[in-house]
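# Descriptive analysis of the structure
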Amino acid sequence: MSSAALRSAVQQSRRSALARSARFASTSAKAQTLKERLAELIPAEIENVKATRAEHGKKSFGPVLVDQLYGGMRGLPALIWDGSVLDADEGIRFRGKSIPEIQQALPKAPGGSEPLPEGLFWLLLTGEIPTQEQVTALSKDWAARSSLPSFVEEILDRCPPTLHPMSQFSLAVTALNHDSAFAKAYQQGISKKEYWQPTFEDAMDLIAKLPNIAGRIYRNVYGGGKLPAIDADKDYSYNLANLLGFADKPDFVELMRLYITIHSDHEGGNVSAHTGKLVGSALSDPFLAFGASLNGLAGPLHGLANQEVLIWLRKMQSKIGENASDDAVREYVWSTLKAGQVVPGYGHAVLRKTDPRYMAQREFALKHLPENPLFKLVNQVYNIVPGVLLEAGKAKNPWPNVDAHSGVLLTHYGLNQMNFYTVLFGVSRAFGVASQLIWDRALGAPLERPKSYSTEAIKKIFKDKTA
Ligand SMILES: CC(C)(COP(=O)(O)OP(=O)(O)OC[C@H]1O[C@@H](n2cnc3c(N)ncnc32)[C@H](O)[C@@H]1OP(=O)(O)O)[C@@H](O)C(=O)NCCC(=O)NCCS
């Protein structure tokens with residue numbers, strides 16, 4: 001088939017998928033489930049990818065510089081992911097929608113004003129805004145899948161409280177592979193075309209079980225008594241807050257809704273998202289793949305930075321006191337750089353402007369905790385650090401990222417245990433990684449296997465080349 005004919009077949013197939021779904025909506029009393037909607041969308045997307053490859057597959061993306069091989073592959077075009085795209089100046093867009101747009105468009109909890117992450121998951125997977133009814137059905141589905149196998153509970157209960165919560169998190173998620181629908185179906189010889197279905201079930205189970213894992217780790221490590229049961233009539237974020245012991249604070253529950261939504265995904269190349277995709281490409285099930293993502297997220301240059309920010313702010317306060325002058329803060333920032341350390345929460349591998357996720361959290365703080373002293377310090381730091389980083393002249397992006405703000409909001413509500421913060425980031429990141437894994441299996445994404453070179457080979461290959 002010519003590429004033009006293929007394109008028109010794709011358009012036709014998309015039109016009939018939409019028509020089918022409209023018919024479904026008008027004739028069916030029961031709202032369409034996420035899995036039903038995906039089943040409709042997948043065939044058209046397979047054709048869309050085929051057409052795109054037929055038309056553009058042999059075209060060059062431009063040169064690859066040797067520096068990119070040594071430089072952490074910065075900017076190297078290497079992956080496909082439709083769920084979210086990061087623009088260096090504008091920040092993240094989820095299926096084309098900016099953070100303020102999704103805050104407006106996604107369904108909310110009764111009486112709430114922040115988007116429900118259930119809706120974000122639907123959007124990541126389908127590119128569509130779900131109805132309130134569809135989002136409620138997802139909350140209920142996740143509540144029904146939320147319990148942990150008793151051996152996973154025992155693994156967590158046996159961890160020493162000194163083991164970092166992220167290590168405990170990764171252990172528990174990896175152990176869930178015991179009951180993986182994908183691993184079982186693969187053993188039974190499932191056809192490639194059907195891979196996405198058990199992957200979908202695993203992804204749903206994974207997300208559903210995270211509040212119980214996070215809650216258990218929190219209570220085991222920091223106390224707080226017995227874990228309450230998941231309430232099937234409440235949304236995911238309420239249940240997470242409740243398991244942590246904070247559901248009596250409605251603003252904290254709202255914060256969780258915003259937090260999970262904005263931390264869910266940040267295009268495909270960041271360490272946690274890419275690790276999940278890479279490990280998943282070996283057909284490791286979603287639990288194994290996301291366990292690996294969590295190990296990447298646990299690094300201080302990635303998700304652990306939100307813990308590091310608060311530690312850094314506290315150290316600064318103990319050194320220069322509260323209500324310190326701008327000059328004292330500036331001097332402290334310089335002392336961090338001179339000690340050969342990074343200023344946590346600032347800089348980004350892709351972004352070149354203030355992270356809109358930082359701005360969304362700032363808006364939340366202005367609304368709910370404008371007088372909080374730590375928030376005031378974060379603002380003061382925001383006014384000083386970029387100037388210092390610019391003057392130091394190394395960081396390509398002197399502006400704050402998502403991690404510069406989250407700890408302040410969490411401590412405001414009494415969640416003071418900084419080394420737990422990355423677990424919340426991990427719960428959120430599951431939404432993006434899980435969506436990607438489902439689409440990768442639906443589109444038949446192959447095993448990832450880029451080529452590595454030795455420095456000797458580089459010298460030999462480029463000896464006589466000038467560019
Ligand atoms: C996020 C981060 C890892 C991106 O790294 P990157 O893409 O290599 O960033 P750059 O290209 O701007 O780095 C160039 C130099 O500036 C330095 N730099 C970047 N951000 C810096 C920061 N916040 N403080 C001090 N130095 C910084 C880098 O360490 C690097 O120094 P080097 O040449 O001595 O190795 C980096 O900005 C950082 O370490 N930030 C602090 C940790 C953090 O907030 N992480 C969360 C990210 S969401």
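Reading the values: rules and limits
Residues numbered from 1 in each chain as written. Predicted model: local features only at pLDDT ≥ 70, side-chain atom pairs only at ≥ 80, totals over all residues. Heavy atoms only, no water. Axes fitted to C-alpha atoms, helices over the stretch in contact; angles between N-to-C directions. Helix = DSSP H or I, 4+ residues; strand = E, 2+ residues; numbered from the N terminus. Parallel < 35°, antiparallel > 145°, perpendicular 65-115°, else oblique. Contact = heavy atoms within 4.5 Å. Nonpolar A, V, L, I, M, F, W, Y, C, P; charged D, E, K, R; others polar. UniProt positions renumbered as here; feature names shortened; annotations may be inferred. Polar contact = N/O pair within 3.5 Å; in protein donor to acceptor, adjacent residues only side chain to side chain. Buried < 20%, exposed > 50% of the residue type's maximum accessible area, 1.4 Å probe, protein only. Near = heavy atom within 4 Å. Areas by Shrake-Rupley, 256 points an atom, 1.4 Å probe, with all protein chains shown as cover. Domains from an automatic or database assignment. Buried area = accessible area lost by both parts, 1.4 Å probe. Salt bridge = Lys/Arg side-chain N within 4 Å of Asp/Glu carboxyl O. Phe/Tyr/Trp six-rings, centres within 6.5 Å; stacked < 30°, edge-to-face > 60°. Lys NZ or Arg CZ within 6 Å of the ring centre and 35° of its normal.

## Regarding the packing of helix 5 (residues 117–126) against helix 6 (residues 132–144)
For the pair helix 5 and helix 6, the least separation of the axes is 9 Å and the interaxial angle reads 105°. By the angle between their directions, the pair helix 5 and helix 6 is classed as roughly perpendicular. Residues Glu118, Gly119, Phe121 and Trp122 of helix 5 pack against Gln134, Val135, Leu138, Ser139 and Trp142 of helix 6. Split into classes, the residues belonging to the contact of helix 5 with helix 6 amount to five nonpolar, three polar and one charged.

## Some remarks on the environment of glycine 432
By the element assignment, glycine 432 lies in helix 20 (residues 421–442). Linking glycine 432 and phenylalanine 121, residues 311 residues apart in sequence, is a C-alpha distance of 7.6 Å. With sequence-adjacent residues up to four places away left out, glycine 432 is seen in contact with Trp81, Leu124, Ser264 and Asp265.

## Observations concerning the UniProt feature "active site" (unreviewed entry) in the protein
When the UniProt feature table is mapped onto this chain, "active site" (unreviewed entry) is found at His302, His348 and Asp403. For this annotated set, covering 102 residues, all C-alpha atoms fall within 10.7 Å of each other, a compact arrangement in space. Tracing the backbone shows histidine 302 in the loop between helix 14 (286–297) and helix 15 (305–320). In this structure, histidine 302 is in contact with Asn270, Val271, Ser272, Gly296, Leu297, Asp403 and Arg429, ignoring residues within four places of it in sequence. At 2.9 Å, the side chain of histidine 302 and the side chain of serine 272 are in polar contact. Looking at where aspartate 403 falls in the secondary structure, it is placed in helix 19 (residues 403–412). Relative accessible area serves as the criterion here: at 5%, aspartate 403 is assigned to the buried category.

## Some words on the site of the ligand
Around the ligand sit 19 residues in total, of which Val343, Gly345, Tyr346, Lys394 and Lys396 are the nearest. Arginine 74 places a polar side-chain atom, nitrogen or oxygen, 3.0 Å from an oxygen atom of the ligand. Here the ligand loses 74% of its free accessible area of 850 Å² to cover by the protein chains. Considering only residue class, the shell around the ligand consists of 10 nonpolar, five polar and four charged.

## Regarding the domain arrangement of the protein
With domains assigned, the protein is organised as domain 1 (132–303 + 418–443) and domain 2 (304–413). Distance between the C-alpha centres of domain 1 and domain 2: 28 Å. Taking both sides of the interface into account, the surface hidden between domain 1 and domain 2 amounts to around 2,100 Å²; carbon and sulfur atoms contribute 68%. Connecting domain 1 to domain 2 are zero salt bridges. The interface formed by domain 1 and domain 2 holds 12 residue pairs in polar contact (both at pLDDT 80 or more) in total. Broken down by secondary-structure element, the contributors of at least two residues to the side of domain 1 that touches domain 2 are helix 12 (250–263) and helix 20. Looking at the side of domain 1 that touches domain 2 residue by residue, the classes come out as 14 nonpolar, eight polar and four charged.

## Focus on unusual backbone geometry
Positive phi values are uncommon outside glycine, yet arginine 95 reaches one of about 45°. Here arginine 95 is to be found in the loop between strand 2 (91–94) and helix 4 (99–105). Judged by its relative accessible area of 24%, arginine 95 is partly exposed. In this model, glutamate 267 sits at a positive phi of 55°, which is unusual for a non-glycine residue.

## A few points about the packing of aromatic side chains
Applying the stated criterion across every chain yields a total of 17 aromatic pairs. With a centroid separation of 5.5 Å and 85° between ring planes, the pair formed by tryptophan 142 and phenylalanine 431 is classed as edge-to-face. Of this pair, tryptophan 142 sits in helix 6 while phenylalanine 431 is found in helix 20, placing the two residues 289 residues apart along the sequence. Across the pair, phenylalanine 431 and tryptophan 142 agree in class, each one buried. Across from the ring centre of tyrosine 238, 5.0 Å away, lies the NZ or CZ of lysine 234, which sits over that ring. Above the ring of tyrosine 453, the side-chain terminus of lysine 451 is found at 5.1 Å from the ring centroid.

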